[in-house]
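Residues per chain, in single letters:
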Amino acid sequence: MRLLHTSDWHLGRSFHRVGMLDAQAGFIGHLVTTARERDVDAVVVSGDVYDRAVPPLAAVELFDEALHRLAALGVPTVMISGNHDSARRLGVGAGLIERAGIHLRTEPSACGTPVVLSDAHGDVAFYGLPYLEPALVRDEFAVEKAGHEEVLAAAMERVRADLAGRAPGTRSVVLAHAFVTGGEPSDSERDITVGGVAAVPAGVFDGVDYAALGHLHGCQTITDRVRYSGSPLPYSFSEAAHRKTMWLVDLAADGAVTAERVDCPVPRALARIRGTLEYLLADPALARHEEAWVEATLTDPVRPADPMARLTERFPHTLSLVFDPARTTDDPDVSYARRLAGRDDRQIAEDFVTHVRGTGPDARERAVLRDAFDAVRADDAVREVAR
């Protein structure tokens, strides 16, 4: 069976101030063309279909168009909700849409109920594990600790239990939206840390033939059977080096996996350039970036006059301007942003405690901070669904 694995469409999202809807529509057309021309048997979409719980109307219309085109193609599609989606909204009409071969899996309680498709070698069971917010699904999975690994492991127990009751030789595919250990994140993914931990081990997916992952925006291979497709379009300059692709996966009769990357359309190249303003404006080697979306980091010791206007004369698609003057790390003027780089909200709060009190938080205080941030995240998730 041949699968086309994609995820993280983020319909409705912009890239800095540039609307991406036309590029997203171009990707949908490319997806449909690929499915037709490469004789795809099933399309799998591993979450974050939309960029937010209540997407703009234009994004909903594009999603509707995508469903109609996939249904008209006659290629079954299995799709889960991600942490950016409202599972309840995405799942509206799922039973009716299923009649057209579009299988939406947004309910955590249905993790162990697969979509079963067949080829010449028998059945393939597709298990959709929507994004599982630990605080919200703890009771459903009866876990003692509300963490990502615990709820995902409990969901996979249901998958294995169902698979064990099926005919010998039944192959299996799991769709999941999670941060798996070994994956490389980018700046455009929403933080899902719970209890100080965001990642789960790849071993949680042991026992299935292929795990089609979503959430991380870079296409990557965790193991031969556990892969991220990545987002089809860039959503931050941290993705400048990404090659945006989908996975074309062949699942053999014995469950063996072979995979090929299929490139996605590139609306415009990304470039991150760095140096003094005069250097950026004069260096002939930078000519290749003149039509790219540009993030420029200026290292001038003193902020130059009208830097954005001057940059856009040479790089008309400059979208981000960063000031990073060369200074020693003990310079009191080192930017606040640089001091916070790479630190999550909980770590920043702990640093603040240290700053105002002179000593860092003890173990009990760190636990209080961790629980407070987890509670806020869970409350935000509930509020988004309720909007």
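Residues numbered from 1 in each chain as written. Predicted model: local features only at pLDDT ≥ 70, side-chain atom pairs only at ≥ 80, totals over all residues. Heavy atoms only, no water.

Asks: I'm lost on the overall build of the chain in this one. Help?
Replies: For the chain, the count of helices and strands is 11 helices and 19 strands. The C-alpha radius of gyration computed for the chain amounts to 23 Å, which stays within 12% of the reference 21 Å derived for 387 residues, consistent with globular compactness. Its C-alpha atoms put the chain at 70 × 55 × 40 Å along the principal axes. Each of the 387 residues in the chain was classed as buried or not, and the buried ones make up 49%. The long-range share in the chain, meaning contacts at least 24 apart out of those at least 6 apart in sequence, stands at 69%. Charge-centre separation for the chain: the mean point of 42 positive side chains lies 1 Å from the mean point of 58 negative side chains. (Helix = DSSP H or I, 4+ residues; strand = E, 2+ residues; numbered from the N terminus. Rg over C-alpha atoms; globule rule 2.2 N^0.38 Å. Buried < 20%, exposed > 50% of the residue type's maximum accessible area, 1.4 Å probe, protein only. Contact = heavy atoms within 4.5 Å. Lys, Arg positive; Asp, Glu negative; His and termini not counted. Charge placed at Lys NZ, Arg CZ, Asp CG, Glu CD.)

Asks: Can you help me understand the state of the cysteines in this one?
Replies: A covalent bond bridging the sulfur atoms of two cysteines is what the word disulfide describes. Throughout the structure, instances matching the rule amount to zero disulfides. Unpaired in terms of disulfides, Cys219 finds its nearest cysteine sulfur in Cys264, a separation of 8.7 Å. On the basis of relative accessibility, which here comes to 17%, the residue Cys219 falls in the buried class. (Disulfide = S-S within 2.5 Å.)

Asks: Would you mind going over the nonpolar core with me for this structure?
Replies: Nonpolar side chains tend toward joint burial in soluble globular proteins. Counting 34 residues, the largest nonpolar core has Leu129, Phe141, Val174 and Phe205 as the members making the most contacts within it. At the level of elements, strand 8 (122-129), helix 5 (134-141), helix 6 (148-164), strand 9 (171-177), strand 10 (179-180), strand 12 (210-214) and strand 14 (226-228) are the ones that each hand at least two residues to this core. It is helix 6 that contributes the most residues to this core, seven residues altogether. Counting residues in hydrophobic clusters, the runner-up holds 29 residues, among them Leu4, Leu62, Ile102 and Leu248. (Core = buried A, V, L, I, M, F, W, Y, C linked by side-chain atoms within 4.5 Å.)

Asks: Any chance you could explain the sheet that holds strand 7 (residues 115-119) here in plain terms?
Replies: The strands making up a sheet are joined through hydrogen bonds of the backbone, oriented either antiparallel or parallel. In spatial order, the strands read 7-8-9-12-14-13; together these six strands make up an open sheet with mixed pairing. The open sheet has two free edges, formed respectively by strand 7 and strand 13 (220-223), since each of these has just one partner strand. Each strand axis lies, on average, 20 degrees off the axis of its neighbour in the sheet, ignoring direction. Judged from the three bridges that link them, strand 12 and strand 14 form a sheet pairing that is parallel. When the bridges of strand 14 are listed, Ala212 appears paired with Arg227. (Pairing = 2+ DSSP bridges. Axes fitted to C-alpha atoms, helices over the stretch in contact; angles between N-to-C directions.)

Asks: For this particular structure, what's the right way to read helix 6?
Replies: Helical geometry: 3.6 residues make up each α-helical turn, so side chains three or four residues apart lie on a common side. Its 17 residues give helix 6 an end-to-end C-alpha distance of 24 Å, which sits within 8% of 24 Å, the value for a rise of 1.5 Å per residue. Here helix 6 has its buried residues at His148, Val151, Leu152, Ala154, Ala155, Met156, Val159 and Leu163. Residues of helix 6 that are buried in the fold lie against strand 8, helix 5, strand 9 and strand 11 (199-200). (Expected span 1.5 Å × (residues − 1).)

Asks: Looking at this structure, how should I read unusual backbone geometry?
Replies: Among all residues except glycine, the phi angle is most often negative; among peptide bonds, the trans geometry is most common. Non-glycine residue Asp48 carries a positive phi angle of around 55 degrees. Position of Asp48 relative to the elements: it lies in the loop between strand 4 (42-46) and helix 2 (57-73). On the accessibility criterion, Asp48 (1% relative accessible area) is buried. A positive phi is found at His215, a non-glycine position, where the angle reads about 125 degrees. On the secondary structure map, His215 appears in the loop between strand 12 and strand 13.

Asks: I would appreciate a short explanation of the pairing of strand 5 (residues 77-80) in the present structure.
Replies: Every other side chain in a regular strand lies on the same face of the sheet, so the side chains alternate between the two faces. Judged by which residues are buried, strand 5 turns out to be covered on both faces: Thr77 and Met79 on one side and Val78 and Ile80 on the other are all buried. In this sheet, strand 5 lies alongside strand 4 in parallel orientation, the contact comprising four bridges. Bridge pairing links Val45 to Met79 in strand 5. With respect to chirality, the unit in which strand 4 leads through helix 2 into the neighbouring parallel strand 5 is right-handed. With four bridges joining them, strand 5 and strand 6 (residues 102-105) adopt parallel strand pairing. (Right-handed = clockwise from strand over helix to strand, strands pointing away.)

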